[in-house]
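# Descriptive analysis of the structure
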Amino acid sequence: MKQIYNLVFVGIFCCLTTFAQQGTEVYVANLDLSTDSLKINEVINISNNEGYDNQPSFFSYEKILFASTRNNQTDIALYDVKDKTTTWLSNTPNGSEYSPLKIPGRDAVSAVRLDKDGLQRL
């Protein structure tokens, strides 16, 4: 009986992971810590895009990096919280970029690049 439960769990897990990366979004929100409780205010969808939008990281206090789908590839975008604008930082027709991070001490970004042939680069 335990094997049947394990098989059902594996089947459900495989189905969920198959669709895990579809239609993801990146959100920001204001956090209010002025009282003894935490309140979440003004939730904003900063990616607002069909496809894969994920892996956010802070570039600065007012700017957020994230990976986002456009033209059937994943590129790096930069969202400015103050101006509420998105700027595309990469456009690689022969591959995609993921996991954007600010390079400490520099005004630059690193990312993992995945070429269409499967080659990965930093």
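Throughout what follows, the structure given in this document is the object of discussion. (Residues numbered from 1 in each chain as written. Predicted model: local features only at pLDDT ≥ 70, side-chain atom pairs only at ≥ 80, totals over all residues. Heavy atoms only, no water.)

## Looking at the sheet that holds strand β9 (residues 120–121)
- The strand order across the open sheet built from three strands is β7-β8-β9, with neighbouring strands paired in antiparallel fashion. Strands at the two margins of the open sheet, each flanked by one partner only, are β7 (95–102) and β9.
- Examined bridge by bridge, strand β8 (residues 109–115) and β9 share two bridges and lie antiparallel to one another. Counted as the bridge partner of Arg113 is Arg121 from β9. (Pairing = 2+ DSSP bridges. Helix = DSSP H or I, 4+ residues; strand = E, 2+ residues; numbered from the N terminus.)

## Things to note about the pairing of β8
- In this structure, β7 lies alongside β8, joined through six bridges in antiparallel fashion. In the sheet register, Gly95 faces β8, and the bridge partner there is Asp115.
- In this structure, the hairpin formed by β7 and β8 is closed by a connection of six residues, where Gly105 is found at a positive phi of approximately 80°.
- In this structure, the hairpin formed by β8 and β9 is closed by a connection of four residues, where Gly118 is found at a positive phi of approximately 95°.

## What to know about unusual backbone geometry
- Even without a glycine there, the phi angle at Glu42 is positive, about 50°.
- Within the secondary structure, Glu42 is located in strand β2 (residues 39–45).
- In the Ramachandran plot, Lys84 falls in the positive-phi region, its phi being about 55° despite a non-glycine side chain.
- Position of Lys84 among the secondary structure elements: in the loop between β5 (73–80) and β6 (85–88).
- In this structure Lys84 comes out as exposed when scored by relative accessible area, which is 58%. (Buried < 20%, exposed > 50% of the residue type's maximum accessible area, 1.4 Å probe, protein only.)

## Some thoughts on the pattern of salt bridges
- Throughout the structure, instances matching the rule amount to three salt bridges.
- Between Arg121 and Asp115 there is a salt bridge, and its shortest N-O distance comes to 3.0 Å.
- Classification of Arg121 by relative accessible area gives partly exposed; the value is 43%.
- Several salt bridges converge on common partners, so that one network encompasses Arg113, Asp115 and Arg121. (Salt bridge = Lys/Arg side-chain N within 4 Å of Asp/Glu carboxyl O.)

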